[in-house]
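A structural walkthrough
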Protein chains: 2
Amino acid sequence: MSNDLDTVFAALADPTRRAILAMLLEDDMAVTDVAEPFEMSLAAISKHLVILTKAGLISQEKRGRVKWCKLEPDALRATSVWMQGFGQFEPVNLDAFERFLETELPATNDT
Amino acid sequence: MSNDLDTVFAALADPTRRAILAMLLEDDMAVTDVAEPFEMSLAAISKHLVILTKAGLISQEKRGRVKWCKLEPDALRATSVWMQGFGQFEPVNLDAFERFLETELPATNDT
DNA sequence: CGCATATTCAACCAAATGGTTGACCAAACT
DNA sequence: AGTTTGGTCAACCATTTGGTTGAATATGCG
């Protein structure tokens, strides 16, 4: 009964998870590396990754003992369709996106 | 500390709330009328509307004893920017959106 | 083999969420 | 004035969420 959108939006509602997505935008990463910048247990991050995976926003592939996480744009694409329909938005300014990313990334290089 | 995106995505994560947005896409509505198609108390709908308002997705204006709700596309626009950046999505098929709407609208004319 | 590394599992906890009901307030009709 | 109508508030409840810790599992290394 519950839509995909439920899962995707719920996944996106958490800043930690959005930050993870932003990180994965740059490159695929192992779970431990994903967890590194956050002040949070590895187990917590592992749970977040499960949620992102269930939402279809990322995929995880185990290679050796390392589990690699990669961004999966398809779910976002469907959601984007939904959103765009609502606003009949003008073509989007991609530069604004970069500013968003900076807000979303966890503090890595500023104390 | 917590971003607007938190609020907006959390608001969008609930199917009832998305259905309300879909209804408001067609026209502005009074709270009671918004509540009508749902099998849920008026108070519950009222709460949902508060959440949508706080997220900036709708606005409410009281005229007489009736409180009118209208869709507020700005918050969605900002969110859409965020989403698009992630996927670098192709231009979106708006027809697909109409199908989404049907999934989202609560059952009104089938008993 | 024995240890270290990578990740998850399980139990637990506090706080947030989504709903209910009944009282309440304000505006409108007669 | 009295009553109906529109909507919120407050208290309550069950479930979900986001985190913790410690044990468990699995892979790789010397």
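How each quantity is defined
Here the residue index of a chain counts from 1 through its sequence in written order. To read the labels, note that chains go from A and ligands from 1, taken in the order they are written. Note on the predicted model: pLDDT of at least 70 is required for a residue's local features to be given, and 80 or more for side-chain atom pairs to be given and counted; whole-chain, interface and lining totals, by contrast, use all residues. Helix and strand assignments follow DSSP, with helices taken as H or I runs no shorter than four residues and strands as E runs no shorter than two, numbered in order from the N terminus. Exposure criterion: with C-beta atoms placed from backbone coordinates, a residue whose C-beta has 20 or more other C-beta atoms within 10 Å is buried, one with 12 or fewer is exposed, and one in between is partly exposed. Two residues qualify as being in contact provided that their C-beta atoms, derived from the backbone, are within 7 Å of each other. Following DSSP output, two strands are said to pair if at least two bridges run between them. Under this scheme, a helix contributes an axis fitted over its contacting stretch, all axes are lines through C-alpha atoms, and angles between N-to-C directions fall in the 0 to 180 degree range.

From N to C terminus, chain A includes six helices and three strands. Element order for chain A, N to C, with α for helix and β for strand: α-α-β-α-α-β-β-α-α. Burial status across chain A gives 32% buried among its 111 residues. For chain A, the share of sequence-separated contacts (at least 6 apart) that also reach a separation of at least 24 residues comes to 55%.

Moving on to the environment of tryptophan 82 of chain B. Residue and element names in this part refer to chain B. On the secondary structure map, tryptophan 82 appears in helix H5 (residues 73–87). Of the residues examined, tryptophan 82 has 26 C-beta atoms within 10 Å and is grouped as buried. Here the alpha-carbon distance between tryptophan 82 and leucine 5, two residues 77 residues apart in the chain, equals 8.9 Å.

Our focus in this paragraph is the sheet that holds strand S3 (residues 66–71) of chain A. Residues and elements named next belong to chain A. The sheet built from three strands is open, its strands ordered S1-S3-S2 with antiparallel pairing. The sheet is open, and its two borders are formed by strand S1 (29–30) and strand S2 (58–63), each paired with just one other strand. As defined by bridge partners, S1 adjoins S3 across two bridges and the pair is classed as antiparallel. Of the residues in S3, the one forming a bridge with methionine 29 is cysteine 69. The sheet strands contacting helix H4 (residues 42–54) are S2 and S3, and the helix crosses S2 at an angle near 120°.

Such coordinate-based values are descriptive only and should not be taken to indicate function.
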